[in-house]
Amino acid sequence: MTQALYHLVERRRIYFIASITLLLLLSSQLAQMAFNGDVKVMFDKDDPHYQRLQQLDTDYVDSNYLVILFEPADKNIYRKDNLVVVEALTNALWKLPYTVSVESISNHSRLSVADDDLRSTALIDQARTLTPEQIRSIQYYARQDQQIRGKLISPDENATALFATIALPESHLEAVLELRSAAMALRKEFESRYPGSTIHINGDVAIEGALLQVTMDDILRVNPIVFLTIFILTGLFLRSIMSIASTIGVVIAATGISTGINILSGFEMNPITMMAPAIIMVLAVADSIHGLTTYTILSRQGLPCKKAMVQSLEKNLAPVFWTSVTTAVGFLGMNFGDSPPFRTMGNMAAIGVLFAFLATFTVLPTIALLFPAQTIRKPLSLSKTMASLSNWVIRSNRLLLVLMFTVSAVLLTFIPRLDFNDDISEYFDPSLDIYESIQFSEKNTRGVHTLLYSFASGTENGVNDPDFLRKVDQVSQWLRQHRDVAEVYSYIDLIKKINQTLHNDDIEYYRIPDSKALCAQYLLLYEMLIPNGIDLSRDLTLDRSALKMTVHIKNSDNQTLIGLERDIDHYLSNNLPELNNEGSSQLLIFAHMGNKIIHSMVDGSLITLIMISIFMMIALRSVRFGLLSIIPNLMPAVVIFGIWSLLVGHVNHAAAMTFSICLGLVVDDTIHFISQYLQCRRSGYDPETALRETFIHSGTAIVITSITLSCGILLLTLSDFTVNDTLSLMLTGIIMTALLFDLLFLPTLLLWADKAPQEPEYFRSSSV
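So, how was this worked out
- Residues numbered from 1 in each chain as written.
- Predicted model: local features only at pLDDT ≥ 70, side-chain atom pairs only at ≥ 80, totals over all residues.
- Heavy atoms only, no water.
- Helix = DSSP H or I, 4+ residues; strand = E, 2+ residues; numbered from the N terminus.
- Core = buried A, V, L, I, M, F, W, Y, C linked by side-chain atoms within 4.5 Å.
- Buried < 20%, exposed > 50% of the residue type's maximum accessible area, 1.4 Å probe, protein only.
- Contact = heavy atoms within 4.5 Å.
- 1 Å grid on protein atoms, 1.4 Å probe; cavity = no way out; pocket = protein on both sides within 12 Å on 5 of 7 lines; lining within 4 Å.
- Points joined across faces, edges and corners; volume = space filled by probe spheres on them.
- Nonpolar A, V, L, I, M, F, W, Y, C, P; charged D, E, K, R; others polar.
- Pairing = 2+ DSSP bridges.
- Axes fitted to C-alpha atoms, helices over the stretch in contact; angles between N-to-C directions.
- pLDDT = per-residue confidence, 0-100.
- Patch = residues over 30% accessible without salt bridge, like charges linked within 9 Å, V, L, I, M, F, W, Y side chains within 5 Å.
- Areas by Shrake-Rupley, 256 points an atom, 1.4 Å probe, with all protein chains shown as cover.
- Salt bridge = Lys/Arg side-chain N within 4 Å of Asp/Glu carboxyl O.
- Phe/Tyr/Trp six-rings, centres within 6.5 Å; stacked < 30°, edge-to-face > 60°.
- Parallel < 35°, antiparallel > 145°, perpendicular 65-115°, else oblique.
- Left-handed = near helix turned anticlockwise from the far one by under 90°.

Draft legend 1. Structural view of the environment of Ser396. Tracing the chain through its elements places Ser396 in the loop between helix H12 (381-395) and helix H13 (397-412). In the structure, Ser396 is positioned 167 residues away from Gly563 in sequence and 51 Å away in space, judged by C-alpha atoms.

Right, dumping it as structure tokens:
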């Protein structure tokens, strides 16, 4: 193996040129990179909850929405000047690109009767000419209309919502950017024309635009800061420009080649998979630091550059190789999850890990040997610290073993208390406009959290059957009494309103008409009266056989949502089995996905852990030490999840995936530490001396790697995408906890397991 590595160093320029050529060829694929910011990419296409949502979109005309929330300066929407602004906003929304209809209090249908005929007029017409009496009439009508109260007008009447229905073309991404830009310009224009007023932009189109915004911000702002920090810390720890240049070279080669291959493989980029290049960079840095640390230590001991490089590569070949394999297995374990973007990210990262390994042995030697040899003939100051720490750990090994095992066991008991909750409104940093908009919507309207149900009559035009309508109304009335329901909307409210209007607005007639013929007549009359661009396609199927019910929810946590779904299912099965069906919504899919991820990731992590343990046994050539390595690999995640349970109490499904991600990262340091220890034991050192040598060589690299990567990953909290924020906090905590376990707990385990008075066979074998 030494001869092969000597050949690699001697012919390093050839391998370097080959790597750069491959990099340049694959980098051309970056222009083909596609981005998808649609929240629906989070779900499996064969997920039954997702399929129900897709069926709802098909039955009730799938469309995207842009929601404008307007709050006037005096917080009184019924002042004449404010109604003028609403009318102007309604007209302006029609001019936005891809808009096919607009709904607001300005153009909302006001039903009335004249000469025994039903009439529909715009609720607000020529707002500048309205008299105080007309405004009071508008206010009274809006308060009585179920379709307006809480939806178009806030309960406190301080704000109003305008809905623009958007038909996006196939060039989805460009259309979203164009529409978002136009909407932002409209907001700027109106807020400048009407000082003191506030306009919020919401809706699924706005959310998709915000996801794109935070992703680009991560690429252009956050990631450069992260890796600049990592490179600087690497240079400071190893005290050389050479280490920075070499690390940058490995990172560029590994990330560029793997990203090009990922694009060629058809992997789609989204806010989750965009993390893959950053993870690949981090792993490339880790591999580089291990090689560079050993090279620096050997150079400072007086070895010639080439010889020091060959020995460094030889010492790190097996640990880095097996680290790459186990890390790749850890990322591939994400395929057990139920969210496609996380599976894709795991696959992308696994590919990147392997190319980071290759770049470490082809690019790093070439760049490092371009720099002059180290002239300082003294060890790194950190190596001295490691030597002192090893002596203390050896003296205190029993106390450390008991203490750290006890703390881990206690924190393990808190993990079952963790709640898993996914709320898209919490995906964005509070500094972003979209976050403020969602919070404003939740406080001033019935909110954005809904459950959707489709109730089928079983026959064409069945929505005209009074018996069917009364059964659906029974469900509505029961839901309005439920503790977790804010409001319920459906076609039932409209047919009741029409019936009341045709009976001189007598409140006694706010009920479902008695005959099917009358219901059909009312529906036909209404459809003939409503203006172009407004229809019932969102409320009724085209064949009028079914109607949709929208249930607005007070709280959006997973357990509340699933509990409400369970209550509805129980009520329907016991009282109205003919209407029994399952609800859907993006929020509900997230809730169920969070629960499924818990079970799938437990199963997946166990399989991943078994595979990694097998690889560890092969890498270390020892069943005993391979099994022993499981403990320090598991403990850091146990500690952090336990602390998170105590301090935060809940995680989203992204944080639940951190175990698979961190498992590969944690194994890195464990392999290097145990490999170095066994190398020393096989060279004839006694356990304590072997441990001291391991602290000086591998311990130094582990500390540099852990601190450097933790500082870099911690800076991901600068991201405005809170999924990255949570991931970075948990990963940083796990990496630093793993460092403590590798330096304080793992050595005590090794001393405890290595008490044989005579060296076992695996200590007499050749190098690891």
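Draft legend 2. Quick look at the nonpolar core. Core analysis: the largest hydrophobic core is formed by 234 residues, its most contacted members being Phe428, Phe455 and Leu547. For this core, the element with the most residues is helix H25 (residues 722-753), which contributes 17 residues. In contact with Phe455, not counting residues within four places along its chain, are Phe468, Val472, Val475, Ser545, Ala546, Leu547, Met549, Leu572, Leu579 and Asn581.

Draft legend 3. Geometry of empty space enclosed by the protein. The final tally for this structure, using the stated rule, is 5 cavities of 30 Å³ or more. Along the wall of the largest cavity there are 21 residues; nearest its centre are Asn223, Met275, Ala278, Ile279 and Leu716. Where the lining of the largest cavity is concerned, the elements lending two or more residues are helix H7 (204-238), helix H9 (275-300), helix H23 (658-682) and H25. The element that contributes the greatest number of residues to the lining of the largest cavity is H7, accounting for 6 residues. In terms of residue class, the lining of the largest cavity is made up of 16 nonpolar, 4 polar and 1 charged. Approximately 120 Å³ is the volume found for the second largest cavity. Contributing to the lining of the second largest cavity are His290, Thr294, Lys315, Asn316, Pro319, His672, Gln676, Gln679, His697, Ser698 and Ala701. Among the elements of the structure, H9, helix H10 (305-332), H23 and helix H24 (687-714) are those that each provide at least two residues to the lining of the second largest cavity. For the lining of the second largest cavity, the residue count by class is 2 nonpolar, 8 polar and 1 charged.

Draft legend 4. Broad picture of the sheet that holds strand E1 (residues 64-71). Ordered in space as E2-E5-E1-E6, the 4 strands form an open sheet in which the pairing is antiparallel. Of all strands in the sheet, those with a lone pairing partner are strand E2 (99-103) and strand E6 (198-202), marking the two edges. Each adjacent strand pair in this sheet contributes to an overall mean axis angle of 20 degrees, direction not counted. Where E1 lies against strand E5 (residues 160-166), 7 bridges are found, and the strand directions are antiparallel. Residue pairing across strands places Leu66 opposite Ala164, the latter belonging to E5. Here helix H4 (residues 80-94) sits on the sheet and contacts E1, E2, E5 and E6; the angle it forms with E2, its principal contact strand, is near 160 degrees. Packed onto the sheet, helix H6 (residues 172-193) meets E1, E5 and E6 and runs at close to 165 degrees relative to E6.

Draft legend 5. Up close: the pairing of strand E10 (residues 546-553). Burial analysis of E10 places 8 of its 8 residues in the buried class, the great majority of the element. Burial along E10 is two-sided: the residues Ala546, Lys548, Thr550 and His552 and Leu547, Met549, Val551 and Ile553 are all buried.

Draft legend 6. Main features of the confidence of the model for the protein. With 92% of its residues at a pLDDT of 70 or more, the protein has an overall mean of 84. Note on residues 756-768: pLDDT under 50 across the span, and 26 contacts to partners over four residues away in sequence or across chains.

Draft legend 7. Focus on a nonpolar patch on the surface. On the surface, a nonpolar cluster with roughly 370 Å² of combined accessible area is contributed by Ile643, Leu646, Leu647 and Val648. Its location among the elements puts Val648 in the loop between helix H21 (630-647) and strand E11 (650-651). Here Val648 falls in the partly exposed class, since its relative accessible area comes to 40%.

Draft legend 8. Fine view of the packing of aromatic side chains. Overall, the coordinates contain 11 aromatic pairs when judged by the stated rule. Pairing Tyr453 with Phe455 gives two aromatic rings, centres 6.1 Å apart and planes at 10 degrees, and the pair type is stacked. Taken individually, Tyr453 and Phe455 each receive the classification buried, so the pair is uniform in this respect. Arranged with centres 5.4 Å apart and planes meeting at 70 degrees, the rings of Phe741 and Phe745 form a pair that is edge-to-face.

Draft legend 9. Inspection of the pairing of E2 at higher detail. In terms of burial, E2 is a largely internal element, 4 of the 5 residues being buried. Here E2 runs beside E5; their pairing, made up of 4 bridges, is antiparallel. Opposite Val102, over in E5, you have Ala164 as the bridge partner.

Draft legend 10. The packing of H7 against helix H8 (residues 241-264), seen in detail. Running from N to C, H7 and H8 cross one another at 140 degrees; their axes reach a closest spacing of 8 Å. Overall, the two elements H7 and H8 adopt an arrangement that is oblique. Between H7 and H8 lies a crossing whose hand is right-handed. Contacts from Phe231, Thr234, Gly235 and Leu238 in H7 reach Ser243, Ile244, Thr247, Ile248 and Val251 in H8. Per-class residue counts for the contact of H7 with H8 are 5 nonpolar, 4 polar and no charged.

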